[in-house]
Amino acid sequence: MSRTGILLLLGLTLLTTACSKPPPPIGFRDRADFEAYVDRIDMPDAWKESLKQETKRVSGKYLNNMAAYLELKGEPVTALLKKYGMKADVSLDGVDPTPAIRQAVEDLIKAGDSENIYKNGRWLDSEELAGGVWDEGKNQFQQASEWAAGQKADRKRGPESQPDFGDVRAR
């Protein structure tokens, strides 16, 4: 391939990358902020309560990165409706969105766990320890170094890692 062809291909790649707009980050500070956002959505109160209840299983980091983890394009609520709306139960009594919300939460946990060294449960624990404040978390390199430090600390604390001076004392 010629130099002109390579430059043209590189230019097209950069152009398409620059033109594709990533989904907007949501960025809630804590669960109360998230629930206030849910309360502002125009939908029945029973649906809002179902959404709040189901999302209690997900850490704040995962909810803040929902658009990225679930590969949602555009406005997150509309994109969620497009992706999971067909999983809602429709009957003569009305529409129950709980199965759709439950499936979205399970997919969010699965996608978030595959992207993070710390799993959802660990982020939920850190959320409780931080007094309910949502930490956006650390990048993968910071997570890896923390994990390695934890592994090293665990090895140091084990009895097999303690030096045995019994032979020295017996001399």
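Because the structure is predicted, anything quoted here is derived from the model rather than measured.

Undergrad: I would appreciate a short explanation of the nonpolar core in the present structure.
TA: Side chains of nonpolar character tend, in soluble globular proteins, to be buried together. Grouped together as the largest cluster of nonpolar side chains are 28 residues, with contacts concentrated most on Val58, Leu70, Leu72, Leu80 and Leu108. Contributions of two or more residues to this core are made by α2 (31–40), α4 (60–64), α5 (66–69), α6 (76–84) and α7 (98–115). For this core, the element with the most residues is α7, which contributes seven residues. Once you skip the residues sitting within four places of it in the chain, Leu108 turns out to touch Val58, Tyr62, Leu63, Met66, Tyr69 and Leu70.

Undergrad: Help me understand the environment of Gly121 in this model?
TA: Note that Gly121 resides in helix α8 (residues 120–129). Put simply, Gly121 and Val58 are 63 residues apart on the chain and 8.1 Å apart in space, counted from C-alpha to C-alpha.

Undergrad: Sorry if this is basic, but what is going on with the pattern of salt bridges here?
TA: For the coordinates displayed, the defined rule picks out seven salt bridges. In this structure, the salt-bridge partner of Arg29 is Asp33, at a minimum N-O distance of 3.9 Å. Relative accessible area serves as the criterion here: at 17%, Asp33 is assigned to the buried category. Ionic pairing is found between Glu35 and Lys56, a salt bridge with its closest N-O pair at 3.6 Å. Of this pair, Glu35 sits in helix α2 while Lys56 sits in the loop between α3 (45–54) and α4, and the two are 21 residues apart along the sequence. Residue Glu35 is classed as partly exposed on the basis of its relative accessible area, which comes to 22%.

Undergrad: Which parts of the structure should I look at to understand unusual backbone geometry?
TA: One can expect most non-glycine residues to show negative phi and most peptide bonds to be in trans. Phi is positive for Glu71, close to 55°, though the residue is something other than glycine. For Glu71, the location among the structural elements is in the loop between α5 and α6.

Undergrad: What am I meant to see in the side chain of Asn120 here?
TA: Structurally, Asn120 is set in helix α8. Classification of Asn120 as buried rests on a relative accessible area of 6%. At 2.7 Å, the side chain of Asn120 forms a polar contact with the backbone oxygen of Arg57. With residues up to four places along the chain from it excluded, the contact list for Asn120 reads Arg57, Val58, Ser59, Tyr62, Ile109 and Asp113.

Cut-offs used in this document
- Residues numbered from 1 in each chain as written.
- Predicted model: local features only at pLDDT ≥ 70, side-chain atom pairs only at ≥ 80, totals over all residues.
- Heavy atoms only, no water.
- Core = buried A, V, L, I, M, F, W, Y, C linked by side-chain atoms within 4.5 Å.
- Buried < 20%, exposed > 50% of the residue type's maximum accessible area, 1.4 Å probe, protein only.
- Helix = DSSP H or I, 4+ residues; strand = E, 2+ residues; numbered from the N terminus.
- Contact = heavy atoms within 4.5 Å.
- Salt bridge = Lys/Arg side-chain N within 4 Å of Asp/Glu carboxyl O.
- Polar contact = N/O pair within 3.5 Å; in protein donor to acceptor, adjacent residues only side chain to side chain.

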